[in-house]
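Spelled out, the chains give:
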Amino acid sequence: MDGDPAVESGLDSFSLTLPLPYRIALVIVLGVWAWGVNLHYLSLAKIDVPSLLQYPSRASPRTDPPHHLSTYRLATLLSLPLGFSLLLFWALSHRNPELVIHYDYLPMSYLCVILAIFFLPIRRFSSAGRTRFLTTLRRVSIGGIAQAGAGKFGDILLADVLTSYAKIIADLFVALCMFFQANGSATSRPDRGCGGQYIVPIVIAIPSLIRFRQCIIEYMRVRASNKRNGGIGSQGWGGQHLANAAKYFSAFPVIILSALQRNLSLDHEDIGLTETALYRLWLLAVFVNSFYSFYWDVTKDWDLSLFTPARTSSSYPFGLRPRLCFPSKEIYYFAIITDLLLRCTWSLKLSPHLDHFADFESGIFLMEFLEVGRRWMWIFFRVETEWVRNTSSGGLGAPGMGPGQDDVLLGDFSSSGRDTDDEDFDFED
């Protein structure tokens with residue numbers, strides 16, 4: 001991640017066609033479509049996603065549509081007014097800067113439509129799913145996490161998705177801030193200093209802070225369980241959660257140093273840093289965050305053996321694991337390489353020809369879109385891994401590979417499938 005880039009003054013060609021509020025709406029709607037594709041393909045791979053999320057059973061399994069179809073219907077309901085709003089906006093504005101700024105209420109009205117749709121009690125459009133999403137979001141938004149067996153995996157999955165939407169959330173704040181400013185417009189040049197020099201970096205940091213708090217809660221639960229049982233149990237001493245918390249904490253230096261680099265009305269020399277020193281610190285911070293996160297994706301979230309001594313076992317393909325739910329080993333290798341490349345998009349700043357790419361609105365949008373796409377790909381393998389852990393010993397507990405007692409288990413800690421500390425550290429809300 002590279003913090004919050006500045007942009008050129010005035011409306012650029014890309015913003016005349018797709019202003020900031022529409023870009024936010026587009027990524028949100030594409031995210032719903034992507035979740036439907038996740039559910040659809042995973043169901044074809046015989047992975048029961050609703051059971052992993054502790055999703056309530058269908059009232060009428062024979063007549064109710066499958067979950068992915070309900071999600072597609074919701075995505076269609078969101079897409080139709082978006083298409084209409086965009087076409088109307090283009091017809092009225094003609095890419096004229098003054099008209100683009102004047103008609104900002106059209107995209108802002110559509111954002112209100114998105115909010116309304118999630119609260120509409122329309123059963124055909126994934127009513128139960130929307131209710132479950134809002135309930136989970138309410139708990140996760142304050143860093144809460146359900147107990148094992150009560151939706152913990154879903155909480156973690158949603159919180160991780162929010163980290164990929166961090167800049168989208170920050171852009172939403174910027175659009176709202178500009179819209180409600182006196183003589184402001186949500187479709188004018190994005191002012192990422194709106195509301196003060198610290199606000200946008202803080203908003204970007206919130207999703208990582210949520211996951212950080214969840215990891216600390218998990219650690220405290222393990223400590224409480226061990227104390228109650230009089231010793232370290234099968235879940236270990238909790239170090240796996242501190243290591244996971246450190247991964248999310250590593251995002252904060254990147255955000256802070258990026259904000260300083262962008263000179264958000266703050267003279268970094270006043271705190272004893274030259275421009276060169278600041279750049280080197282940022283480079284170190286983003287390197288640590290990216291490669292630590294990549295290692296965690298592959299080894300912990302996906303249970304692959306690429307970075308473990310068990311990578312060369314004869315019982316499974318190099319660097320993978322004994323049980324694979326997807327049809328080809330090449331899919332896993334492709335995912336590993338793609339995840340690495342998309343974790344390192346910041347490296348564009350090292351090129352003398354591409355170092356300003358992320359300073360343009362089109363470049364900012366592409367980086368945000370690629371990160372959401374990376375998370376969409378990550379979900380396939382993260383859910384598959386959880387399914388393997390819960391249905392066999394092919395991933396979790398395979399000799400010599402996968403998470404041990406001191407590694408992170410994002411599902412249940414114990415073989416009983418439930419934490420034993422329900423009375424202590426109950427941070428569900």
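Provided above is the structure to which this section pertains.
The rules behind these values
- Residues numbered from 1 in each chain as written.
- Predicted model: local features only at pLDDT ≥ 70, side-chain atom pairs only at ≥ 80, totals over all residues.
- Heavy atoms only, no water.
- Helix = DSSP H or I, 4+ residues; strand = E, 2+ residues; numbered from the N terminus.
- Buried < 20%, exposed > 50% of the residue type's maximum accessible area, 1.4 Å probe, protein only.
- Contact = heavy atoms within 4.5 Å.
- Areas by Shrake-Rupley, 256 points an atom, 1.4 Å probe, with all protein chains shown as cover.
- Phe/Tyr/Trp six-rings, centres within 6.5 Å; stacked < 30°, edge-to-face > 60°.
- Expected span 1.5 Å × (residues − 1).
- Salt bridge = Lys/Arg side-chain N within 4 Å of Asp/Glu carboxyl O.

Draft legend 1. Broad picture of the overall build of the chain. Helices and strands together make up the secondary structure of the chain, namely 15 helices and zero strands. Within the span of the chain, comprising 429 residues, buried residues form 50% of the whole. At a minimum sequence separation of 6, the contacts of the chain that also span at least 24 residues come to 74%. Here the chain displays about 19,700 Å² of accessible surface, and carbon together with sulfur accounts for 65% of that area.

Draft legend 2. Geometry of the packing of aromatic side chains. Summed over the entire model, instances satisfying the criterion amount to 23 aromatic pairs. Taken together, a centroid distance of 5.6 Å and an interplanar angle of 40 degrees make the contact between Phe 118 and Phe 133 tilted. Placement of Phe 118 in helix α6 (residues 105–119) and of Phe 133 in helix α7 (residues 127–140) is noted, with a sequence separation of 15 residues between them. Cluster of aromatic residues (ring-pair linked, three or more members): Tyr 41, Trp 302, Phe 326, Tyr 332, Trp 376, Phe 380 and Phe 381.

Draft legend 3. Summary view of α6. Along its 15 residues, α6 runs 21 Å from first to last C-alpha, staying within 8% of the 21 Å computed at 1.5 Å per residue. Restricting attention to buried positions, one finds in α6 the residues Leu 106, Pro 107, Met 108, Tyr 110, Leu 111, Ile 114, Ile 117 and Phe 118.

Draft legend 4. Seen up close, the pattern of salt bridges. For the coordinates displayed, the defined rule picks out 14 salt bridges. Close ionic contact of Glu 218 with Lys 152 constitutes a salt bridge, the shortest N to O distance being 3.5 Å. You can see Glu 218 sitting in helix α10 (residues 199–229) and its partner Lys 152 sitting in helix α8 (residues 152–164), a full 66 residues away along the chain. Across this residue pair, the class does not change: Glu 218 and Lys 152 are buried. The salt bridge partner of Glu 371 is Arg 374, with a shortest N-O separation of 2.9 Å. Of the two residues, Glu 371 and Arg 374 are both situated in helix α15 (residues 361–391); the distance of three residues between them amounts to about one turn of the helix. As far as the burial class goes, Glu 371 and Arg 374 line up, both buried. Here the salt bridges do not stand alone but share partners, grouping Asp 297, Asp 339, Arg 343, Glu 371 and Arg 374 into one network.

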